[in-house]
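Analysis of the macromolecular model
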Amino acid sequence: MKKKLLSIVLATTLLGSLIVGCGSKTDSTTTGNASGEKTKIRMTYWNNESTVASLLDYLKEAVPDVEIEYQFIDNSNYDTIVDTQLSANEGPDIISESPASALKHAKLGYIADVSDLGKNFSEAGTNVYSYNDKIYALPGISWFEGIYFNKEIFEKNNIELPKTFDQYIAVSKQLKELGIKPLAAGLKSWEPLLKSSMAFVTAEYLSTPEGKDFGPNYREGKVTLNGTWNKYIDKWSEMITSGIYESDMTGIDHDQALEEFATGKAAMFSSGPWDLDAIMAKNPDLKLDMMPYYGTKESDGWLIGGPGAGFAVNEKSKNKEAAMKVLAAIASKEGQKALWENNKGGTSYLNGVSFELPEAFTSASTAIKAGNIYCPWNEWGNAGSAHEDYGTQMQSYLLGNQDVAKTLSNVDTVVKELLEK
């Protein structure tokens, strides 16, 4: 889940420094274990360091002869920077990968086969990181996103939790009438519109017998979004026409929206376990819970999610052995527990490892127990990266720059080009 965006200025600075200086300044170096010094390796991720703080602390103890330089790269530039470095046989030693980027990098020979470690994980976690029957990244803690809500606001105003999309719209309107902002949203990022709309399409269509094969067919170029998803996006657009999502939210970033929710200025906020600590740090007295997304029919609800970002090793790393030692530590029960500490609510795919669901996700537990966690673009194969284009096209739709058909057809065009590469 690509969260915690830095400012445009910082992202631009990173882009310049990493691309221009992707030689000696960014390469990891071995300082000489023979003399007792540590091997230095670099790990990149699109989430900031707080989301893996406990893991990094654990790795210092588990692999004391390796020093890890953690490098956060803003998600708007992540793929460009990492691809540029890998194509020059350089780049980070350990790379956080999405399913789409892992497939691309595996095909290009950029990342190492980690099947020996991957065999200890369930297929549900490794299948999206596999190519030609080999595993190229270890799945992180599963991620999911639902809708956090302020329990005190709901209870104080006798508002019942919705069980359908229409009920959700009604609850949001009720909150507005009470002078309470229904939903805090940082639409400066393309992610909220992507996940909200796709969650509705999942509940309404992709989870049904009629829609279950859409993903596999889409990556084969047999179907298109335009002509299939139109009626679902038309219905979901009540989020816009009801004033829940507003155009001025495109000037608000993720962290601003999080603070708005945490400080009680909005009743709801769409996010996942990775933001729980940050929310509670801003308001330790906040009583919150999470509800799933719904379709028009009453159900257990759905969460957007799947295997967490994969951990891959740079095939050309000068310190490949040290990177593999770190990956082995991550693949231990203790490593998974440390990774979970900053991602509570998710689950591990390592065989024999399980964690208790925190109280903050009580109202989403029915969806979780039902297995209603799904990430549509994970099934798009080589075109998986087009989910970002989908998100930016939805921003244009929100701003009234294009209709639903144009929005979806623009994504189809990008997907077609990616599938033809």
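This section reports on the structure supplied with the text. (Residues numbered from 1 in each chain as written. Predicted model: local features only at pLDDT ≥ 70, side-chain atom pairs only at ≥ 80, totals over all residues. Heavy atoms only, no water.)

Regarding the overall build of the protein chain
Applied cut-off: Strands are runs of DSSP state E lasting at least two residues, helices are runs of H or I lasting at least four, and both sets are numbered from the N terminus onward. Values of the radius of gyration come from C-alpha atoms, whereas the globule rule sets the reference at 2.2 Å times the count of residues to the power 0.38. Only protein chains enter the accessibility calculation, which uses a 1.4 Å probe; a residue is then buried when its area is under 20% of its type maximum, exposed when over 50%, and partly exposed in between. Should any heavy atoms of two residues lie within 4.5 Å, those residues are considered in contact. Accessible surface is estimated by sampling points in the Shrake-Rupley manner with a 1.4 Å probe; for residues, cover comes only from the protein chains shown. A positive count includes Lys and Arg, and a negative count includes Asp and Glu. His and the chain ends are not counted in either. The atoms used to mark charge sites are NZ of Lys, CZ of Arg, CG of Asp and CD of Glu.
When its secondary structure is counted, the protein chain shows 19 helices and eleven strands. Scaling as 2.2 N^0.38, a compact globule of 421 residues should have a C-alpha radius of gyration of about 22 Å, and the protein chain matches this with 21 Å. Structurally, the protein chain occupies a C-alpha span of about 70 × 50 × 45 Å along its principal axes. A buried classification covers 56% of the 421 residues belonging to the protein chain. In the protein chain, once contacts between residues fewer than 6 apart in sequence are set aside, the share between residues at least 24 apart is 76%. For the protein chain, the accessible area works out to roughly 17,600 Å², and carbon and sulfur atoms hold 48% of it. The distance from the centre of the 40 positive side-chain charges to the centre of the 56 negative ones in the protein chain is 1 Å.

With respect to the pattern of salt bridges
As a reminder, the rule being used: What makes a salt bridge here is a side-chain nitrogen of Lys or Arg within 4 Å of a carboxyl oxygen of Asp or Glu, nothing more.
Applying the stated criterion across every chain, the model contains 14 salt bridges. Between Lys181 and Glu260 there is a salt bridge, with its nearest N and O atoms 3.0 Å apart. Remark: Glu260 occurs in helix H13 (residues 254–262) and Lys181 occurs in strand E7 (residues 181–184); sequence separation between them is 79 residues. A salt bridge links Asp213 to Lys212; the shortest N-O distance between them is 3.3 Å. The class for Asp213 is partly exposed, based on a relative accessible area of 40%. On the basis of relative accessibility, which here comes to 49%, the residue Lys212 falls in the partly exposed class. Connected via shared salt-bridge partners are Glu145, Glu191 and Lys195.

Concerning the nonpolar core
Short version of the rule: We define the nonpolar core as a collection of buried residues of types Ala, Val, Leu, Ile, Met, Phe, Trp, Tyr and Cys that are connected through side-chain atoms lying within 4.5 Å of one another.
Trp229, Ile233, Trp236, Tyr245, Met268 and Tyr390 are the most contacted members of the largest nonpolar core, which has 58 residues in total. With nine residues, the single largest contributor to this core is helix H9 (residues 191–206). Once residues within four sequence positions are removed from consideration, Met268 is found in contact with Ile147, Tyr148, Phe149, Phe154, Tyr168, Ser172, Leu175, Pro182, Leu183, Ala184, Phe261 and Met291. Residues Trp46, Val82, Ile135 and Ala331 belong to the second largest nonpolar core, which totals 53 residues.

Some thoughts on the environment of Ala383
Topologically, Ala383 is positioned in the loop between strand E11 (373–374) and helix H18 (386–398). Ala383 sits in the buried class, given a relative accessible area of 0%. The spatial distance from the C-alpha of Ala383 to the C-alpha of Val414 is 8.1 Å, given a sequence separation of 31 residues. With sequence-adjacent residues up to four places away left out, Ala383 is seen in contact with Val415, Leu418 and Leu419.

Here we look at the packing of aromatic side chains
Note the following rule: Working definition: a ring pair exists when centres of Phe, Tyr or Trp rings (six-membered ring for Trp) sit within 6.5 Å. Plane angles under 30 degrees give stacked, over 60 give edge-to-face, the rest tilted.
In the structure shown here, the tally under the stated rule is 18 aromatic pairs. Note on Phe165 and Phe200: the rings are 4.7 Å apart at their centroids and 50° apart in plane angle, and the pair reads as tilted. Here Phe200 lies in helix H9 and Phe165 lies in helix H8 (residues 165–177), a separation of 35 residues in the sequence. Like Phe200, Phe165 is buried. Members of the aromatic cluster, each reached through a chain of ring pairs, are Tyr205, Phe214, Tyr218, Trp229, Tyr232, Trp380 and Tyr390.

Geometric values such as these leave the question of function open.
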